[in-house]
Amino acid sequence: MNHLFIDGVAFWAPALPGWPVAGPALRGQPAAAPAAALPRRPAPQMLAAAERRRAPDTVALALEVAAAAVLGSGHDPAHLPSVFVSAHGDLGVNDYLCSTLATSPTLLSPTRFHNSVHNAASGYWTMAAGCHQASTALTAFEWSFANGLLSAAVQCAADARAVLLVGYDMAATGALASVTRSDGLLAVALVLSPTRSAHSSARLDWALHDAPATAPALQSAAARALAGNAMADALPLFESLARGAPGAMLLPLSAHQALRLVLAAV
């Protein structure tokens, strides 16, 4: 098996805004009463105030977890190649585009149009972080996170350098909700490194498994509450990271192949 180290971890959902909150909940501990009203969406501080207001939910999600994971990893964000993965991209913006084109095409917003592309979040990240490294935008429908993790792990091993992995999805809305399912907001991020550092929290061994596999059952009520989001295939790994216990799992990559993971302490 190949191995890598996890140097940074981040998580965001409306009821679990940040890994310090999400980690205990994903271990099955009772959620603490929030000190204030929970935010509807994150407000990434790396964007200027005007840009934060204009940024769509997917961009806000992706930048929030990307910044948190990189901060915890000790790596320079300007030097990290990245993989951004989303099953559907921004369904809200695309529903707006389709509705406007069907009813009042001359009123289409150029700003919202450029936010509809699948690599919008990675573009915002590279500009905000001043990063000129390679960035990949990837989708694989219900297996998106697992395929994104495989892509980042291969880059990490092949290039012998740390890689930022970001996964995010939002709720399906409008007519698109009749043909695809995704509930709520969810974003996750990892900084993967080929070598152990003072910031490494776990070792992850990985290999391809050439056989069908079933996704691991979710163990916590907090994870099960997020299972309707299109990025839910990330939840078994983040539950394991939260528990900090060694263990193996298979994350399906397709109907015929899976990613075998073995998580170990460092």
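Refer to the structure above for everything that follows.
Not measured: the values here are computed from a predicted model.

Engineer: Report on the state of the cysteines, specifying residues and quantitative values.
Structural biologist: Here, disulfide denotes a covalent bond that connects the sulfur atoms of two cysteines. What the rule picks out here adds up to zero disulfides. Counting only cysteine sulfurs, C131 is the nearest neighbor of C156, a cysteine outside any disulfide, at a range of 15 Å.

Engineer: I'd love a proper account of the pairing of strand β9 (residues 258–264), names of residues and values included.
Structural biologist: Judged by how many residues are buried, β9 sits mostly within the fold: five of seven residues are covered. Alignment of strand β7 (residues 202–209) against β9, held across seven bridges, turns out to be antiparallel. Its bridge partner lying in β9, L208 is registered against L259. Where strand β8 (residues 247–252) and β9 come together, six bridges link them in antiparallel fashion. By the bridge assignment for β9, L250 is matched with R260. Taken together, β8 and the strand that follows it, β9, pair antiparallel across an intervening segment of five residues.

Engineer: Describe the pattern of salt bridges, naming the residues involved and giving the relevant values.
Structural biologist: Taken as a whole, this structure holds four salt bridges when the rule is applied. Among the salt bridges present, the one from R41 reaches D57, with a minimum N-O distance of 3.1 Å. Here the residue R41 occupies a position in the loop between α1 (19–26) and α2 (49–54), and D57 occupies one in helix α3 (residues 57–73), the gap between them amounting to 16 residues. There is no split in this pair, since R41 and D57 are both buried. A salt bridge links D205 to R203; the nearest nitrogen and oxygen atoms lie 2.9 Å apart. D205 gets classed as buried once you look at its relative accessible area, which sits at 11%. Residue classification places R203 among the partly exposed residues on the basis of a relative accessible area of 31%. One salt-bridge network, in which partners are shared between bridges, spans R40, R41 and D57.

Cut-offs and rules
Residues numbered from 1 in each chain as written. Predicted model: local features only at pLDDT ≥ 70, side-chain atom pairs only at ≥ 80, totals over all residues. Heavy atoms only, no water. Disulfide = S-S within 2.5 Å. Buried < 20%, exposed > 50% of the residue type's maximum accessible area, 1.4 Å probe, protein only. Helix = DSSP H or I, 4+ residues; strand = E, 2+ residues; numbered from the N terminus. Pairing = 2+ DSSP bridges. Salt bridge = Lys/Arg side-chain N within 4 Å of Asp/Glu carboxyl O.

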